[in-house]
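Each chain, written out:
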There are 2 protein chains.
Amino acid sequence: MDPELIDTLVVKNETKIVFLILDGLGGLPMGGKGQTELEAARTPHLDALAKDSICGLLDPIGYGITPGSGPAHFALFGYDPIKNNVGRGLLSAAGIDLPMTARDLFMRVNFATIDYQGRVTDRRAGRIDNETNRRLCQKLQEQIRLQSGIDVFFETEKEHRALFVLRGDELHEEIEETDPQKTGVPPLPPRPLIREAENTAAAIAELVEKAKEALADEKKANMVLLRGYARYRRFPSISERYSLNPLAIANYPMYRGIARLLGMTVNTGAVTIEDEFAALCQNYNKFDFFFVHIKDTDSRGEDGNFAEKVRIIEKVDSLIPRITELHPDVLVVTGDHSTPAALASHSWHPLPVLLLADTCRPDRVEQFGERDCIHGGLGRMPMVYLMGVALAHAKRLTKFGA
Amino acid sequence: MDPELIDTLVVKNETKIVFLILDGLGGLPMGGKGQTELEAARTPHLDALAKDSICGLLDPIGYGITPGSGPAHFALFGYDPIKNNVGRGLLSAAGIDLPMTARDLFMRVNFATIDYQGRVTDRRAGRIDNETNRRLCQKLQEQIRLQSGIDVFFETEKEHRALFVLRGDELHEEIEETDPQKTGVPPLPPRPLIREAENTAAAIAELVEKAKEALADEKKANMVLLRGYARYRRFPSISERYSLNPLAIANYPMYRGIARLLGMTVNTGAVTIEDEFAALCQNYNKFDFFFVHIKDTDSRGEDGNFAEKVRIIEKVDSLIPRITELHPDVLVVTGDHSTPAALASHSWHPLPVLLLADTCRPDRVEQFGERDCIHGGLGRMPMVYLMGVALAHAKRLTKFGA
């Protein structure tokens, strides 16, 4: 089924839908035996929800596929994650509140260290701090003009990471990344991968050369490595597709970026998980779809820190009553993908989901955990269809065919 | 997998397949807790079948999609329900035994009441009886000739519902419905939605005007409202696709209509559920595929009558021995979609299925009910693949590839 079939069936009503997304929720036992992070966590509130809800396991992209955060979130909101795969540069741009135009090409950048022979010695320039990053971006902005007349903007992301933007006509993204992904070798040239990208590649080569000159007197950050090009792309918004008025609550830029790309209103200012739940409560009357994004589960998974991931899950569990007191018509609790601490990275494992609504048909799942969800009534399903199921339970989809 | 892959693998043999379809079988607990209709029903025969068969849950169209009866039945017989979505007018036409031609445009019609200002006061003309309906259709047939030379036929369906047929060249279905779907406003004009439909729209406008004149002296049914246009469309038949010789047994016109569209021989005359089972027994030697359609489960679901839906399921259960005595090679018991009494409408919930054959691999399902079927060996599957599984168990599909 084409995930966009649901768009043709949408009706508007007063129901409210909450998506509570614990990034990287799915896990593994450490050492292959025992419990996953979610199973090990003491989660009385989530277990109570699981009892009353319908559970299952979601595949973000497909069997065996480990998703990046971008495609996983697209799937979560019912956007085909393969057709709509976008470069991380675009996601980063959206995440730092950068006004975008259709003439933009985004590049993710690492400030890096090279030695006197031009070989990369540190791909992260000793993880310079945000302030240094800002100073460097300002310096580049002041000094660099491209011959081609293409505009260029330098934006700080965080630590050693920045975003460069080319703005001009006929820019292309099919260009080789300059980050060699290892030390001891020089950066790669930005070779065009298709003939149409030759002019863009030349502009990027000029940009890299001028950045190198401008940074020559820096001790640590004396080079830039480009590792992700993306053209601007417009997506049909969640409000266009589903007649929803959505609010995104996320304390991490990239997820606000994804939300903006899909036309959500974005809450800013929430720093802690408690802040995020408070923002949900404060804004509950003003919107009808809520994307609440918890980053720390993924971060602790990426750190390989099983105990801390468990602790974050338990903290989120303790805040569940803040949501249930609001009595949303549909509450979904899941993640965007698995990030098992045992692997210290994203993984391909399907991830647990629960969906609570008055119209749920009971299944026999009594606890919210990976191996319980195997037996849930949703079965094992592609994540891209979750949004349709949520809309159905919110009675926001009409009948297909006579 | 393209559902039509199975067509290329079909072989003929002497096996017999019975599809027992309880329309709207899938249900929900009333008030969100407790048992569904099927779980609450005492069904010793179906439970015995479930023990020996393979069970599962079917999605008629896709996750979250509530199907109309047309697409759900297309899926049941292995026809892609989205590609083959047809207007209800065509289904209705097939259901009233109307000989169809490729030049036909079908329109579903409500006789309705309008006031002296032309505003609709009753969209169903006080639900006039069948006899009045027949008298009105005859009157229209005698009085109306269209200037364009397009032929028009007036056919009674039931109560206030009729079917009008335009027969001519280059007729189009892309025309706005005239039923305003509410009272207190006049009927809508039959506006063409594409340029090619202009002539058809003019003929329909003339038809509506002349019908209004002809009905002017009627007290209740003094207007017609059109609400569904459909061009004739030919489908590859079940016998062409699967080399089956199918018989449909259905006591409700629309389902006979679907069966005719797919080239089934249609049994008529069965009124009660017992009649339908008797017709199966009487015709068992003459066919090799049997579609036995039970309407009442859906009707009682639509009424919101949980207890009566339970009673119908129990009645069907009591008649199961009539089928098992025939020892069909493959027996499938399922529905076309869910119609939970709790919702009093079709719904998107997947519905239970059991398939009995000598070649079933055992699963652990011991009772025929929704939450038991979650654990069945068929898993949760798209309904469109059910026909292939049935043909496989009937040993009517050969190997794919060398």
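Calculation rules
- Residues numbered from 1 in each chain as written.
- Chains lettered and ligands numbered in written order.
- Predicted model: local features only at pLDDT ≥ 70, side-chain atom pairs only at ≥ 80, totals over all residues.
- Heavy atoms only, no water.
- Axes fitted to C-alpha atoms, helices over the stretch in contact; angles between N-to-C directions.
- Helix = DSSP H or I, 4+ residues; strand = E, 2+ residues; numbered from the N terminus.
- Parallel < 35°, antiparallel > 145°, perpendicular 65-115°, else oblique.
- Left-handed = near helix turned anticlockwise from the far one by under 90°.
- Contact = heavy atoms within 4.5 Å.
- Nonpolar A, V, L, I, M, F, W, Y, C, P; charged D, E, K, R; others polar.
- Salt bridge = Lys/Arg side-chain N within 4 Å of Asp/Glu carboxyl O.
- Buried < 20%, exposed > 50% of the residue type's maximum accessible area, 1.4 Å probe, protein only.
- Expected span 1.5 Å × (residues − 1).
- Buried area = accessible area lost by both parts, 1.4 Å probe.
- Polar contact = N/O pair within 3.5 Å; in protein donor to acceptor, adjacent residues only side chain to side chain.
- pLDDT = per-residue confidence, 0-100.

This next bit is on the packing of helix 3 (residues 69-76) of chain B against helix 8 (residues 253-261) of chain B. Each pair of packed helices gets described by two things: the angle between the helix axes and the distance between those axes. Residue and element names in this part refer to chain B. The N-to-C vectors of helix 3 and helix 8 enclose an angle of 45°; their axes lie 11 Å apart at closest approach. With respect to helix 8, the axis of helix 3 lies oblique. The two elements helix 3 and helix 8 meet at a crossing, and its hand is right-handed. Contacts between helix 3 and helix 8 involve Ser 69, Gly 70 and His 73 on the former and, on the latter, Met 254, Tyr 255 and Ile 258. For the contact of helix 3 with helix 8, the residue count by class is three nonpolar, three polar and no charged.

Residues and elements named next belong to chain A. Inspection of every chain in the model, using the stated rule, returns 44 salt bridges over all chains. Note that Arg 396 is salt-bridged to Asp 288, the shortest N-O span being 3.4 Å. Within this pair, whereas Arg 396 is found in the segment after helix 13 (386-393), its partner Asp 288 is found in the loop between helix 9 (273-282) and strand 10 (289-294), the two being separated by 108 residues in sequence. The same class applies to Arg 396 and to Asp 288, which are both buried. For Lys 295, the salt bridge is made with Asp 298, and the minimal N-O distance between the two is 2.9 Å. Classification of Lys 295 by relative accessible area gives buried; the value is 10%. Taking relative accessible area as the criterion, Asp 298 reaches 2% and is therefore assigned buried. Residues participating in the shared-partner salt-bridge network are Arg 135, Lys 139, Asp 217 and Glu 218.

Right, let's talk about helix 6 (residues 198-214) of chain B for a bit. Residue and element names in this part refer to chain B. Here helix 6 is 17 residues long and its end C-alpha atoms lie 24 Å apart, about the 24 Å a rise of 1.5 Å per residue gives. All buried positions along helix 6 are accounted for by Thr 200, Ala 201, Ala 203, Ile 204, Glu 206, Leu 207, Val 208, Ala 211 and Ala 214. Looking at the buried side of helix 6, the elements it contacts are strand 3 (104-114), helix 5 (130-143), strand 5 (151-158), strand 6 (161-167) and strand 7 (223-231).

Moving on: the interface of chain A and chain B. Contact with chain A, which involves 31 residues of that partner, is made by 37 residues of chain B. Summing both sides of the interface, chain A and chain B together bury roughly 2500 Å²; the carbon and sulfur share of this comes to 63%. By the criterion of area lost to chain B, the three top residues of chain A are A:Arg361, A:Phe400 and A:Ala402, representing 32% of everything that side buries. Seen at the junction of chain A and chain B, the total is two salt bridges. On inspection of chain A and its partner chain B, the count reaches 11 residue pairs in polar contact (both at pLDDT 80 or more).

So, on to the environment of A:Gly62. Residues and elements named next belong to chain A. Positionally, Gly 62 belongs in the loop between strand 2 (54-59) and helix 3 (69-76). On the accessibility criterion, Gly 62 (18% relative accessible area) is buried. A C-alpha to C-alpha distance of 21 Å links Gly 62 and Gly 301, two positions 239 residues apart in sequence.

This part is about the confidence of the model for chain A. On average, residues of chain A score 95 in pLDDT, and 100% of them reach the 70 mark or higher. Both scores are available for the predicted complex, with the pTM at 0.89 and the ipTM at 0.88.

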